[in-house]
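Here's the letter readout for the chains.
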Amino acid sequence: MKNIELLINNGINVNDSLDLLGDVDTYNDVLKDFFDEVKEKIEKIDEYKKNKDMPNYAILVHSLKSDAKYLGFTKLAELAYNHEMESKNNNIDYVNEHYDELIDETKNIIKIVNEYFDGTSSEKSYNVNDNIKKSILIADDSNIIRNIIEKMIGNQYKVIMAEDGIETINKINENSDSLVGIFLDLYMPNVNGFEVLKHLKENNLFNKIPVAIITGDDSKETIYKAFDYPIVDVLAKPFNENDVKRIITAMLNLK
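Right, let's walk through the structure included here. (Residues numbered from 1 in each chain as written. Predicted model: local features only at pLDDT ≥ 70, side-chain atom pairs only at ≥ 80, totals over all residues. Heavy atoms only, no water.)

Section: the layout of surface pockets
Working step 1: Counted as a void, the second largest pocket has a volume near 330 Å³.
Working step 2: Taken together, 14 residues form the lining of the second largest pocket, with Glu40, Lys44, Leu60, Asp141 and Glu163 sitting closest to its centre.
Working step 3: Sorting elements by how many residues they give to the lining of the second largest pocket places helix 3 (residues 24-50) first, with five residues.
Working step 4: A class-by-class count of the residues in the lining of the second largest pocket yields three nonpolar, three polar and eight charged. (1 Å grid on protein atoms, 1.4 Å probe; cavity = no way out; pocket = protein on both sides within 12 Å on 5 of 7 lines; lining within 4 Å. Points joined across faces, edges and corners; volume = space filled by probe spheres on them. Helix = DSSP H or I, 4+ residues; strand = E, 2+ residues; numbered from the N terminus. Nonpolar A, V, L, I, M, F, W, Y, C, P; charged D, E, K, R; others polar.)

A word on the packing of aromatic side chains
Working step 1: Evaluated as defined, the whole model comprises four aromatic pairs.
Working step 2: Here Lys88 stacks its cationic end above the ring of Tyr187, 4.8 Å away from the centre of that ring.
Working step 3: Lys225 extends its terminal NZ or CZ atom over the ring of Phe194, reaching a point 4.3 Å from the ring centre. (Phe/Tyr/Trp six-rings, centres within 6.5 Å; stacked < 30°, edge-to-face > 60°. Lys NZ or Arg CZ within 6 Å of the ring centre and 35° of its normal.)

A closer look at the packing of helix 3 against helix 4 (residues 54-71)
Working step 1: Closest axis-to-axis distance for the helix 3/helix 4 pair is 10 Å, and the angle between their directions is 160°. Classified by the angle between their axes, helix 3 and helix 4 sit roughly antiparallel to one another. As helix 3 runs across helix 4, the sense of the crossing is left-handed. Contacts between helix 3 and helix 4 involve Tyr27, Val30, Leu31, Phe34, Glu37, Val38, Lys41, Ile42, Lys44, Ile45, Tyr48 and Lys49 on the former and, on the latter, Met54, Asn56, Tyr57, Leu60, Val61, Ser63, Leu64, Asp67 and Leu71.
Working step 2: Its residues assigned to classes, the contact of helix 3 with helix 4 comprises 14 nonpolar, two polar and five charged. (Axes fitted to C-alpha atoms, helices over the stretch in contact; angles between N-to-C directions. Parallel < 35°, antiparallel > 145°, perpendicular 65-115°, else oblique. Left-handed = near helix turned anticlockwise from the far one by under 90°. Contact = heavy atoms within 4.5 Å.)

Quick word on helix 11 (residues 241-254)
Working step 1: In this model, helix 11 (14 residues) spans 20 Å end to end at C-alpha, consistent with the 20 Å of a helix rising 1.5 Å per residue.
Working step 2: Those residues of helix 11 not exposed but buried are Val244, Ile247, Ile248 and Met251. Seen along its axis, helix 11 keeps its buried residues to an arc of 105°; they face one direction. Turned more than 90 degrees from where helix 11 packs its buried face, Asn242 and Asn253 sit exposed.
Working step 3: Tucked into the core, helix 11 has its buried residues touching strand 1 (135-139), helix 7 (143-153), strand 3 (179-185), strand 4 (211-215) and strand 5 (233-236). (Expected span 1.5 Å × (residues − 1). Buried < 20%, exposed > 50% of the residue type's maximum accessible area, 1.4 Å probe, protein only. Arc of directions from axis to C-beta.)

Some details on the sheet that holds strand 5
Working step 1: Within the open sheet, the five strands sit side by side as 2-1-3-4-5. Their pairing is parallel. Here the strands that pair on one side only, and so sit at the sheet edges, are strand 2 (158-162) and strand 5. Each strand axis lies, on average, 20° off the axis of its neighbour in the sheet, ignoring direction.
Working step 2: As defined by bridge partners, strand 1 adjoins strand 3 across five bridges and the pair is classed as parallel. Directly across from Ser135, in strand 3, lies its bridge partner Leu179.
Working step 3: In this fold helix 11 packs onto strand 1, strand 3, strand 4 and strand 5, with an angle of close to 135° to the strand it touches most, strand 3. (Pairing = 2+ DSSP bridges.)

Thoughts on the nonpolar core
Working step 1: In terms of nonpolar packing, the biggest core is built from 59 residues, with Phe73, Phe183 and Phe239 touching the most fellow members.
Working step 2: With 10 residues, helix 6 (residues 92-116) is the single largest residue contributor to this core.
Working step 3: Sequence-distant contacts of Phe183, that is, excluding residues within four places in its chain, are made with Ile136, Leu137, Ile138, Ala139, Ala212, Ile214, Leu235, Val244, Ile247, Ile248 and Met251.
Working step 4: Among the nonpolar cores identified, the runner-up in size contains 26 residues, and Met188, Phe194, Leu197 and Ile213 belong to it. (Core = buried A, V, L, I, M, F, W, Y, C linked by side-chain atoms within 4.5 Å.)

Observations concerning the environment of Leu197
Working step 1: Within the secondary structure, Leu197 is located in helix 9 (residues 193-202).
Working step 2: You can call Leu197 buried: its relative accessible area is 0%.
Working step 3: With 13 residues separating them in the primary sequence, Leu197 and Leu184 have C-alpha atoms 8.8 Å apart.
Working step 4: Sequence-distant contacts of Leu197, that is, excluding residues within four places in its chain, are made with Leu184, Leu186, Phe206, Val211, Ile213, Tyr229 and Ile231.

Quick word on the pairing of strand 4
Working step 1: Counting buried positions along strand 4 yields five of five residues, so the element is predominantly enclosed.
Working step 2: Alternating positions in strand 4 separate into two faces, Val211, Ile213 and Thr215 on one and Ala212 and Ile214 on the other, with burial throughout.
Working step 3: Relative to strand 4, strand 3 runs parallel, the two sharing four bridges. From the neighbouring strand, Phe183 faces strand 4, where its bridge partner is Ala212.
Working step 4: Taken together, strand 3, helix 9 and strand 4 form a β-α-β motif whose crossover is right-handed.
Working step 5: Strand direction decides the pairing type here: strand 4 and strand 5, joined by four bridges, are parallel. From the neighbouring strand, Ile213 faces strand 5, where its bridge partner is Val234.
Working step 6: Following the backbone out of strand 4, through helix 10 (residues 220-226) and into the adjacent parallel strand 5, one traces a crossover that is right-handed. (Right-handed = clockwise from strand over helix to strand, strands pointing away.)

That's the geometry; what it means functionally is another story.
Encoded structure:
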């Protein structure tokens, strides 16, 4: 049996995470998702840093920050937030100067999580009923965020997932007749959420498919810009199951 005290004794704020995720089993599932994808995410972050691609660097450290917040990695969340803000300002000097600090803390978390799982990580499992006709699209570059929402609603809806804007548009076009709602992240690589909103507007899809925004950016400028489109609501990170189900109810009321 996993010892949750190992995480707590290493400064991980498990209690706040359980308030969001509900129970230890769900927390463990999300933690496994993080463990399975974080090394690849760090490799991409490093690539964007080397190429001085600050827009995509900002997107991925934003994703890392969101993951860290959900799992109680307080220090990592703070470091990733600082990198997000500075990279958005194209402050390459800050990124270079503080990069090792971000990576070292990420490696520290990986080490702790690896020890928690006894050096193993099991395969992810999902409980999606493919026979359910009502579908909800979750578009977010974070695998963790997608899986959190899927675990919250997967017993009631067929969940379709997309990890960037191009895939999101393709999924919308492929499933427009069955979709009862979309949870759309604003900051994704390749094509961002605002461009997806533009696609929906240009193709007159808002009357057919309700859309809620997922964002960790609560600035007034971002929120006002999102509400230039007829969205249902904003799902602010971090969120809980009640937040998600409240928005789905609002979506269904518009159908």
